[in-house]
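# Observations on chain architecture
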Amino acid sequence: MPIVSVERIGADVQMGVWRMEDTAEALVTAHPQLEPVLDMAAAYRSTARRLEVLAVHALLFHLTGDTTLRIGHDARGVPLVSGWQISLSHTRGFATVILSRRHRVAVDIEYRSDRVERIADRFIRTDEKAEDLRSKLIHWSVKETVYKLFTEEDLKFFDMRLHPLVPGDEGRVQVEDLLCPKVQEVAYRYGADYVLTYAYL
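Let me begin by describing the structure that accompanies this report. Throughout, a residue's number is its position along its own chain's written sequence, starting from 1. For this predicted model, a pLDDT threshold of at least 70 governs which residues receive local features, and a threshold of 80 or more governs which side-chain atom pairs are given and counted, while totals over whole chains, interfaces and linings are taken from all residues. Excluding hydrogens and water, the side-chain figures rest on all heavy atoms present in the structure.

### Some points on the nonpolar core
By size, the foremost hydrophobic cluster in this structure holds 28 residues, and its most contacted members are Trp 18, Leu 34, Leu 54, Leu 60 and Val 97. Helix numbering and strand numbering both begin at the N terminus, where a helix is a DSSP run of H or I of at least 4 residues and a strand a DSSP run of E of at least 2. Breaking this core down by element, the ones donating at least two residues are helix 1 (24-30), helix 3 (47-64), strand 5 (85-91) and strand 6 (94-100). Throughout, a residue-residue contact means that at least one pair of heavy atoms, one from each residue, lies within 4.5 Å. Residues in contact with Leu 34, not counting those within four places in the same chain, are Leu 27, Val 28, Leu 54, His 57, Ala 58 and Phe 61. The set of buried Ala, Val, Leu, Ile, Met, Phe, Trp, Tyr and Cys residues whose side-chain atoms join them within 4.5 Å is what this entry labels a nonpolar core. Working definition: with a 1.4 Å probe on protein chains only, accessible area under 20% of the residue-type maximum means buried, over 50% means exposed, and in between means partly exposed.

In structure tokens, the structure reads:
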């Protein structure tokens, strides 16, 4: 089953995770309601990108029950869906969507990999503590989520500072926005294959 999870994470906030294990053709065969989305997906040369487009629409249809909805993007690349606040993310083998009628939402998913070890100094401030791989992955994903939540601010990694955390399989962390001073809470989950972070206002 491609759906890993579907849940209500707050009042009027839903989130789903989809495992992209099929080809685009197999996905459409299994889910015929995706056939009208094929033209959108065909605009991308990359096979992986086409599959991502189909997967996030499959999640959108599942979460809303409305197969007429389409995901567009504004000039900054921010996803748009009529009548909804939405955020989406994809990584190797997985896609995720979070949406709400009323709340601003943001989500990020990152495949578990040690590549962040090589670039940690590009996104972790000297006054942040991230000593192990799990902490570094959480820092990376949390900052991606906060960037999306306040996309109009165009935050850079060093414009955000995570409060100290004791990294586990799931939890919440406070993040300071240093450009427009405020603190945002972000939830994280550290799974066998990926780290998932999300927030809403």
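Now that the structure has been shown, the text picks up again.
### Side note on the pattern of salt bridges
A pair is scored as a salt bridge if a Lys or Arg side-chain nitrogen falls within 4 Å of a carboxyl oxygen belonging to Asp or Glu. The full count for this structure, using the stated rule, is 18 salt bridges. Residue Arg 125 pairs with Asp 127 through a salt bridge whose shortest N-O separation is 2.8 Å. Of the residues examined, Asp 127 reaches a relative accessible area of 40% and is grouped as partly exposed. In this structure, Lys 182 and Asp 177 form a salt bridge, with 2.7 Å as the shortest nitrogen-oxygen distance. A residue is classified by how much of its surface remains accessible, and Lys 182, at 29% relative accessible area, is partly exposed. For Asp 177, a relative accessible area of 3% gives the class buried. Three or more residues joined by partner-sharing salt bridges are found here, namely Arg 125, Asp 127, Arg 161 and Glu 176.

### Quick look at the packing of aromatic side chains
Here a Phe, Tyr or Trp ring, Trp counted by its six-membered ring, pairs with any other such ring whose centre lies within 6.5 Å, and the pair is stacked when the planes are under 30 degrees apart, edge-to-face when over 60, and tilted otherwise. Applying the stated rule across the entire model yields four aromatic pairs. Among the aromatic residues, ring-to-ring pairing joins Phe 123, Trp 140 and Phe 157 into one connected group. A positively charged side chain is recorded as over a ring if its NZ (Lys) or CZ (Arg) lies within 6 Å of the ring centre. The angle to the ring normal must also be within 35 degrees. Above the face of the Tyr 44 ring, Arg 49 is positioned so that its terminal group lies 4.5 Å from the ring centre. In this structure, Arg 92 packs its charged tip against the face of Tyr 111, placed 4.0 Å from the ring centre.

### Section: the side chain of Ser 89
Mapped onto the elements of the fold, Ser 89 is located in strand 5. In protein, a polar contact means a hydrogen-donor-capable atom and an acceptor-capable atom, both N or O and within 3.5 Å, with residues adjacent in sequence counting only if both atoms are side-chain atoms; elsewhere, any N or O pair within 3.5 Å suffices. In terms of polar contacts, Ser 89 uses its side chain to reach the side chain of Asp 108, at 3.4 Å. Excluding residues that lie within four positions of it along the chain, Ser 89 makes contacts with Phe 94, Ala 95, Thr 96, Val 107, Asp 108, Ile 109 and Lys 148.

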